[in-house]
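# Overview (structure and organization)
If you want the building blocks of each chain, they are given just below.
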Amino acid sequence: MGFSKWYQNAIFYEINTRTFYDSNNDGIGDLKGITLKLDYIKSLGVDCIWLLPIYPSPLKDGGYDISDFYDIHPDLGTIDDFKKLVDETHKHGMHIIADLVVNHTSDQCEWFLEAQTDKISPYHDYYVWSETDQKYQDARIIFVDTEKSNWSWNEKAGKYYWHRFYTCQPDLNYDNPAVQEEMKNIMRFWLDMGIDGFRADAVPYLYQREGTNCENLPETHAYLKELRQLIDQEYPECILLAEANQWPHDLRPYLGDGDEFHMAFHFPLMPRIYMSVALGDGTSIMEIMEKTPAIPENCQWCTFLRNHDELTLEMVTDAERKFMWEKYAPDDRMRLNLGIRRRLAPLMDGNINKIELLYAILFSLPGTPIIYYGDEIGMGDNIWLNDRDGVRTPMQWSDDINAGFSAADSNRLFLPVIDKGDFSFHHINVASQADKQDSLINRLKQLIKIRKEFNFLSSQSYEFINRENVGVLSILRWNETHSLLCFHNLTAKAQEVNIGEEDYVLIHSSPGMKLNINPLDELFSLPAYAYAWIKLRR
Ligand code: GLC
Ligand code: CA
């Protein structure tokens, strides 16, 4: 695969604006705050920023409950602040994409308010109504911890309405052509401000049909292809990134023949990376990669370790989920729906070698990796906060008041900073890691640099080798001129690695570990949780 498209060989960075940086000290992170931190983001080696929803919202679901699709939430700034952020991001040589919440609105959205009271309003038909709550019984419930049904009774309308997420998030009715047009206009509204595309939220659920599970329906794909046509015709450099939490064979169709999404998150890979280090066995990574169908040449996977949601365990078997919960979520508070509400660093017990190992695995596999803000410094979580707020706490910039996030009174912060224990901002913050060569942030920067140097690491060609030792995940990557061998020790003990009769040079390894490699040896020993990337001189 050649790289003609900017998103195919890139590093993405996910930001929750409210908890990134507060520019006016009201306790809430804002768009100007991100603009002020662009140098920092750029210095990591990031190529594209993804912003979680920034629109007016009652915030019952972190802003995924939008009440006005054509404005900025006043807490975060103004449309002008947004345009400024987009321009400045571009000046920094980076791209920026926003969240497009296609599936639903807030129940506080004008459309819904009017729809429920006025049955002849054009907005009534923006939503999915029913006299009974018995339709579409084969559709699963996603937020199993809080929701009992995908139908809720609306007193004002005297009918039930359909919602795949929280009760306060009525689904839009895509059988209505007006809704189809509205979403296209929303796209144009934001793309006209210069953004580089969207991460499209919850795309499998746009249509519902009796007798199906109401996911991944042909009608849904047909409409998504229309959104792609709009992009190709009107904004050809922009991208669509799919959030479809599905098995590889259901995920693959979202890329179509290169005429649907440009990118899709690789959901099934993510939990298997955690599983592999817990088991000291890379089999599940190898299996899921081999079950992943080839993708069109203009597409790319977006790979990740964590994001703003719970670490979802929807794409694993029941036994695997049980294992993951027992291993990584021993306390009930750590569990949410079918997942685990913890951050990367605490999941790895703060062991920076293990955290780096996970990044190394991610970076040695095909795809464009995305880093969740704060995970570059190994931020912790607060499992006592509500819903998924525990993995969305303020960015820890320094050990100043409020972690350098805001100068507001601590009681006014949008979410509390983590100020206790091993992950407190007194220990874990950007400033204290900046000058330490061995810090997580600098190790990650180094990995990103190497990843960019060997840009074929993003490509789709790879081969698992040395498969007889499942304790070491060994991946061969190549282009016309170079071959890299990437060895990752998933176990708690040293492992012998056999390179065979090759002439090679060590490119990179866990900086924290004393690797003793003599390029004349066929064998070398890889310490516990260490990795080594080796270039073959062929
Ligand atoms: C996506 C978002 C999640 C949100 C849900 C409903 O899964 O990532 O945060 O709760 O959609 O919009
Ligand atoms: Ca603010």
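Notes on the structure follow. (Residues numbered from 1 in each chain as written. Chains lettered and ligands numbered in written order. Predicted model: local features only at pLDDT ≥ 70, side-chain atom pairs only at ≥ 80, totals over all residues. Heavy atoms only, no water.)

### Thoughts on the packing of aromatic side chains
We count it as follows: Side-chain rings of Phe, Tyr and Trp, where Trp is taken by its six-membered ring, are said to pair if the distance between their centres is within 6.5 Å; with planes under 30 degrees apart they count as stacked, over 60 as edge-to-face, and otherwise as tilted. Working definition: with a 1.4 Å probe on protein chains only, accessible area under 20% of the residue-type maximum means buried, over 50% means exposed, and in between means partly exposed.
Going through the model one piece at a time under the given rule, you end up with 40 aromatic pairs. Considering the side-chain rings of Tyr123 and Tyr126, the 4.8 Å spacing of their centres and the 80 degrees angle between planes classify their relative orientation as edge-to-face. Residue Tyr123 is classed as partly exposed on the basis of its relative accessible area of 24%. Exposure remark for Tyr126: the relative accessible area of 6% places this residue in the buried category. Measuring from centroid to centroid gives 6.1 Å for Tyr136 and Trp151, while their planes differ by 15 degrees, and the two rings are stacked.

### Brief notes about the sheet that holds strand β6 (residues 159-162)
The test is simple: Pairing between two strands is assigned when DSSP locates at least 2 bridges connecting them. Strands are runs of DSSP state E lasting at least 2 residues, helices are runs of H or I lasting at least 4, and numbering of each runs from the N terminus.
Read from one edge of the open sheet, three strands run β4-β6-β5, paired in antiparallel fashion. In the strand order of this sheet, the two ends are held by β4 (129-130) and β5 (151-154), each with one partner.

### Things to note about the sheet that holds strand β8 (residues 239-242)
Counted only if it meets this: Every angle, taken between N-to-C directions, lies between 0 and 180 degrees, and every axis is a line fitted to C-alpha atoms, over only the stretch in contact when it is a helix. The contact rule is simple, with two residues in contact once any of their heavy atoms fall within 4.5 Å.
As summarised here, the arrangement of the eight strands in space is β1-β2-β3-β7-β8-β9-β10-β14, forming a closed barrel in which the pairing is parallel. Looking at each pair of strands side by side, their axes are set apart by 25 degrees on average, direction ignored. In the sheet, strand β3 (residues 95-101) pairs with strand β7 (residues 197-201) via four bridges, with the strands oriented parallel. When the sheet's bridge partners are listed, Asp99 is paired in β7 with Arg199. Each of β2 (48-51) and β3 touches helix α3 (residues 79-91); the most contacted strand, β3, lies at about 140 degrees to it. Across the face of the sheet, helix α12 (residues 352-364) comes into contact with β10 (300-304) and β14 (368-372) while running at roughly 150 degrees to β14.

### Some details on the pairing of strand β17 (residues 483-489)
Within β17, seven of the seven residues are buried, which leaves the element mostly enclosed by the surrounding structure. Taking every second residue as pointing to the same face, both faces of β17 are buried, with Ser483, Leu485, Phe487 and Asn489 on one and Leu484, Cys486 and His488 on the other. In this structure, strand β16 (residues 472-478) lies alongside β17, joined through seven bridges in antiparallel fashion. Considered in β17, the bridge of Leu473 is made with His488. Connecting the antiparallel pair β16 and β17 is a turn made up of four residues. Bridge analysis of β17 against strand β21 (residues 531-536) gives six bridges, and the strand direction is antiparallel. In the sheet register, His488 faces β21, and the bridge partner there is Tyr531.

### A closer look at empty space enclosed by the protein
To keep things clear, this is the line we draw: Computed over the protein atoms alone on a 1 Å grid, cavities are sets of points where a 1.4 Å probe fits but cannot get out and pockets are open sets with protein on both sides within 12 Å along at least five of seven lines; a residue lines them when it has an atom within 4 Å of a point. Grid points are joined across faces, edges and corners, and a volume is the space filled by probe spheres set on the points. Amino acid classes used here: Ala, Val, Leu, Ile, Met, Phe, Trp, Tyr, Cys and Pro are nonpolar; Asp, Glu, Lys and Arg are charged; the rest, including Gly, are polar.
If you walk through the whole model with that rule in mind, you get two cavities of 30 Å³ or more. Of the pockets and cavities examined, the largest cavity occupies roughly 340 Å³. What lines the largest cavity is a set of 25 residues, among which Ile142, Phe143, Phe165, Glu243 and Asp309 lie closest to the centre. In this structure, the second largest cavity encloses a volume near 30 Å³. Every residue lining the second largest cavity is listed: Tyr55, Ile66, Phe69, Asp99, Leu100, Val101, Ile186 and Trp190. For the lining of the second largest cavity, the secondary structure elements donating two or more residues are β3 and α5 (177-191). Looking at the lining of the second largest cavity, the element that brings in the most residues is β3, giving three residues. Its residues placed into classes, the lining of the second largest cavity shows seven nonpolar, no polar and one charged.

### Considering the layout of surface pockets
Put simply, the largest pocket is a space of about 280 Å³. Looking at the lining of the largest pocket residue by residue, the classes come out as eight nonpolar, two polar and five charged. Empty space within the second largest pocket amounts to approximately 240 Å³. Lining the second largest pocket are 16 residues, with Leu59, Asp61, Gly62, Asp389 and Arg392 positioned closest to its centre. Residue composition of the lining of the second largest pocket, by class: five nonpolar, four polar and seven charged.

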